[in-house]
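Geometric and topological summary
So the chains spell out like this:
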2 protein chains.
Amino acid sequence: MKMPISEAFDLAVEVLRGGGLSRQGAEVVAAHLVDAHCTGHTFAGLPRIPTLLEGIGELTGGVLEDPEVIRETATTAWVDGKGSLGYIACQKAIELGIAKGRDQPVVIVGACNAYYSGRLGYYAEQAARAGHVVIHTNSSSAAVAAPGGTRPVLGTNPFCISFPTNQGELTVDFSTAAITEGAVRLAAATGEELPPGAAIDGLGRETSDPQAALAGAILPWGGHKGFALSMAVAALGVLAGGAALPNEAANHGYIFVLVRADTFLAPGEFQDRLDLLIDYLRDGAASVRIPGEQSSKRRDRARSEGFVEVPDEVLGELRALRDAQV
Amino acid sequence: MKMPISEAFDLAVEVLRGGGLSRQGAEVVAAHLVDAHCTGHTFAGLPRIPTLLEGIGELTGGVLEDPEVIRETATTAWVDGKGSLGYIACQKAIELGIAKGRDQPVVIVGACNAYYSGRLGYYAEQAARAGHVVIHTNSSSAAVAAPGGTRPVLGTNPFCISFPTNQGELTVDFSTAAITEGAVRLAAATGEELPPGAAIDGLGRETSDPQAALAGAILPWGGHKGFALSMAVAALGVLAGGAALPNEAANHGYIFVLVRADTFLAPGEFQDRLDLLIDYLRDGAASVRIPGEQSSKRRDRARSEGFVEVPDEVLGELRALRDAQV
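Residue and element names in this part refer to chain B. Pairing in this open sheet of seven strands is mixed, and the strands run 2-3-4-10-5-6-7 from one edge to the other. The sheet is open, and its two edges are formed by strand 2 (68-72) and strand 7 (168-174), each paired on a single side. The average undirected angle you get between the axes of adjacent strands in this sheet is 15 degrees. For strand 6 (residues 159-165) and strand 7, the ladder comprises seven bridges, and the chain directions are antiparallel.

Okay, structure coming up:
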């Protein structure tokens, strides 16, 4: 059903608080989920809550701590997620990055000891709106095999880069896996087939059967090059203090590099020039997708209408969770 | 023939000087070409010289200037290539980055107004050897169509990231195009077919005919995601002051971000942990390629033997060029 955004936010906060989050923590996560929902990334929105609550139970035993800044300098900050949610650690990280970036052309923030941070674009775009070019990566636990391999060795390791323009943010945000874990689980639940080249079974044979894929692994996107990029995301996770081996679900490593858009060019010049490039690309092919543009338009529409569409069964599940917690 | 590395270097310097480069400039370029040759990237090695000389003639009218540092701070530097060779501008850029990185955990250097810089890994690895994690990108002039497009709108826009390990550098260095321009030209010359999905003809139809591809465009690697990454490399080129529209062959934009490997972890800890990850990946699949490893082994062997293999026809061409210049 269509529900007011503020009501969706309040419901999310309530259910997350019941799961052990502080009011502040629950608000950070709920804001992220509602934003994902508004941009049309529904599965990264409110439907994520039950999975998050399960993860909190399994990975932290329900003990949730606030992230802590271990060390900082004028151009760096290091955030320890204390084994809790990546959403909260990454929100802290990007806010530190933006604050430091007021005085510094280039800043790096690392975060570790946290799991699952949602959409990378959510953090990167906050910094892009503050005038930064942002590179953001997230190493995660093993789900993807090497080309020719038979078992998962790397995470779905997403890579994101966002740029300010005069028309909103240009945000490239993609998984280095051919398909997300969520999509495999969804296909398993609905009985649909996986696209070709997306997964292998437990013997390393390509498969379109999601059940077989759950016993095997996802394949990297784009063959050897994609796997190499995934390796780079994993190594950046190590730089941030995340798990060296991709077998610790609660120790993702997150990197945020922020560069002021006016580091070299005059203020506003980067945005003007990037607008020229985007218009040029649009002229080059009717089918060209400007990354992040659709999400941004969906968000604007949802915000101006004040409503978000939440599937009835999700709403029912969340209300049941809330009522069970009371 | 097998020739002493020093002799190959001297020959390259001589021919490049004859093409208008200063002694210092010629030595910078020759060192790069000989290194590429030693790592087995033969086409980025000595055989590149005739094409470079043609480019110098066409793009600069033979007037070559030394790159200039337009502006610098403790954590940034901006290099103007003065319309000359990217090799020289990028070598200056990485040396500035490394010098600044002695005192700073994170540094950004931009370079623009230059064309063709050779292998990105060459620059990134110098900084990795000095203990930095390095992200290096290079926007270039149009050769690649958008998926579904009919004409080139973006460059082959390579992306590189290099990490120090205890066993050498882990270097991810790839073109965001399905195939290089050089490979299309080589196939056209030898009459070979292009691999499927690599190029389109002038009407936007996929083709394996290199002649048809020269009238059309190369396709991006990895579909929409690869094209999005290419767009990001183009936007980073704009950040560095490169051409906004990818139609200026002599105004590539280059970005170098250097992060000290001990920014968050203790000195040496990043390298130790990355070694663990690499060993783990190697165990995960017999076929896993550790990016940069083969090149590095080839370089070590060539350097220890003191010889490099230069095809006879290339040697003949270079000697003829040298003799014609005298």
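So much for the structure itself; the text now carries on.
As a further point, take the packing of aromatic side chains. Using the criterion set out here, one finds 16 aromatic pairs over all chains in the structure. With a centroid separation of 6.3 Å and an interplanar angle of 35 degrees, the aromatic rings of phenylalanine 163 of chain B and phenylalanine 270 of chain B are classed as tilted. Taken as a pair, phenylalanine 163 of chain B in strand 6 and phenylalanine 270 of chain B in helix 9 (residues 269-284) lie far apart in primary sequence, 107 residues in all. Accessibility assignment for this pair places phenylalanine 163 of chain B and phenylalanine 270 of chain B in one class, buried. Through a chain of ring-to-ring contacts, the aromatic side chains of Phe159, Phe174 and Trp221 of chain A together with Phe159, Phe174 and Trp221 of chain B assemble into a single cluster. For the cation-ring pair, arginine 151 of chain A lies above tyrosine 280 of chain B, with the distance from its terminal atom to the ring centre recorded as 5.7 Å.

Okay, the pattern of salt bridges next. Where side chains of opposite charge bring their charged atoms close, a pairing between them can arise. All told, the structure shown has 32 salt bridges over all chains when counted by the stated rule. Note that arginine 119 of chain A and aspartate 35 of chain A form a salt bridge whose closest N and O atoms lie 3.7 Å from each other. With a gap of 84 residues between them, arginine 119 of chain A in the loop between strand 4 (106-115) and helix 5 (120-129) and aspartate 35 of chain A in helix 2 (residues 23-38) connect regions that are remote in the sequence. Its salt-bridge partner being arginine 205 of chain B, residue aspartate 201 of chain B comes within 2.9 Å of it at the nearest N-O pair. A cluster of three or more residues bridged by salt bridges with shared partners is formed by Asp35, Arg119, Glu125, Arg299 and Arg303 of chain A.

Attention now goes to the pairing of strand 2 of chain B. All names here are of chain B. One ladder, built from four bridges, connects strand 2 with strand 3 (residues 76-85); its direction is antiparallel. The partner of arginine 71 across the bridge, within strand 3, is tryptophan 78. The antiparallel hairpin formed by strand 2 and strand 3 contains three residues in its connecting segment.

Here the focus is the side chain of aspartate 201 of chain B. Residue position: aspartate 201 of chain B is located in the loop between strand 8 (199-200) and helix 7 (210-215). Among residues more than four places away in sequence, those in contact with aspartate 201 of chain B are Thr150, Thr207, Ala212 and Gly216 of chain B.

This paragraph deals with the relation of the copies chain B and chain A. Rotating chain B by 180 degrees about the axis while translating it 0.0 Å along that axis superimposes it on chain A, leaving an RMSD of 0.0 Å. In short, the pair behaves as if placed about a two-fold rotation axis. Within chain B, glycine 222 of chain B has its C-alpha nearest the rotation axis, a separation of 2.5 Å. Mapped onto chain A, 100% of the interface residues of chain B are again interface residues, and the two copies thus contact each other with one and the same surface.

Of note in the backbone geometry, asparagine 113 of chain A takes a positive phi value of approximately 50 degrees without being a glycine. Within the fold, asparagine 113 of chain A resides in strand 4. Unlike most non-glycine residues, lysine 82 of chain B shows phi in positive territory, near 55 degrees. Tracing the backbone through its elements, the reader meets lysine 82 of chain B in strand 3. By relative accessible area, which is 28% here, lysine 82 of chain B ends up partly exposed.

On to the interface of chain B and chain A. Contact residues are listed per partner, giving 75 residues for chain B and 76 residues for chain A. Carbon and sulfur atoms supply 76% of the area buried between chain B and chain A, which totals about 6000 Å² over both sides. Across the contact surface, chain B and chain A share zero salt bridges. Between chain B and chain A we count 10 residue pairs in polar contact (both at pLDDT 80 or more) in total. Put simply, the parts of the chain that give the side of chain B that touches chain A at least two residues each are strand 3, strand 4 (106-115), strand 5 (132-139), strand 6, strand 7, helix 8 (223-239), strand 10 (252-260) and helix 9 of chain B.

A few words now on the packing of helix 9 (residues 269-284) of chain A against helix 8 of chain B. One can describe the packing of helix 9 of chain A onto helix 8 of chain B by two numbers: an axis separation of 10 Å at closest approach and a directional angle of 145 degrees. Of the two possible hands of crossing, helix 9 of chain A and helix 8 of chain B adopt the one that is right-handed. Taking contact as the criterion, the partners of Phe270, Arg273, Leu274, Leu277 and Leu281 of chain A in helix 9 of chain A are, on helix 8 of chain B, Phe227, Met231, Ala234, Ala235, Val238 and Leu239 of chain B. The residue inventory of the contact of helix 9 of chain A with helix 8 of chain B, partitioned by class, reads 10 nonpolar, no polar and one charged.

What follows covers the sheet that holds strand 2 (residues 68-72) of chain A. Residues and elements named next belong to chain A. What the seven strands build is an open sheet, ordered 2-3-4-10-5-6-7; its pairing is mixed. A strand with exactly one partner marks an edge of an open sheet, and here the two such strands are strand 2 and strand 7 (168-174). In this sheet, neighbouring strand axes are inclined to one another by 15 degrees on average, regardless of whether the strands run parallel or antiparallel. Examined bridge by bridge, strand 4 and strand 10 (residues 252-260) share seven bridges and lie antiparallel to one another. By the bridge assignment for strand 10, alanine 111 is matched with tyrosine 254. Each of strand 2, strand 3 (76-85), strand 4, strand 5 (132-139) and strand 10 touches helix 4 (residues 86-100); the most contacted strand, strand 3, lies at about 165 degrees to it.

About the cut-offs
- Residues numbered from 1 in each chain as written.
- Chains lettered and ligands numbered in written order.
- Predicted model: local features only at pLDDT ≥ 70, side-chain atom pairs only at ≥ 80, totals over all residues.
- Heavy atoms only, no water.
- Pairing = 2+ DSSP bridges.
- Helix = DSSP H or I, 4+ residues; strand = E, 2+ residues; numbered from the N terminus.
- Axes fitted to C-alpha atoms, helices over the stretch in contact; angles between N-to-C directions.
- Phe/Tyr/Trp six-rings, centres within 6.5 Å; stacked < 30°, edge-to-face > 60°.
- Buried < 20%, exposed > 50% of the residue type's maximum accessible area, 1.4 Å probe, protein only.
- Lys NZ or Arg CZ within 6 Å of the ring centre and 35° of its normal.
- Salt bridge = Lys/Arg side-chain N within 4 Å of Asp/Glu carboxyl O.
- Contact = heavy atoms within 4.5 Å.
- Least-squares fit on C-alpha atoms with pLDDT ≥ 70 in both.
- Buried area = accessible area lost by both parts, 1.4 Å probe.
- Polar contact = N/O pair within 3.5 Å; in protein donor to acceptor, adjacent residues only side chain to side chain.
- Left-handed = near helix turned anticlockwise from the far one by under 90°.
- Nonpolar A, V, L, I, M, F, W, Y, C, P; charged D, E, K, R; others polar.

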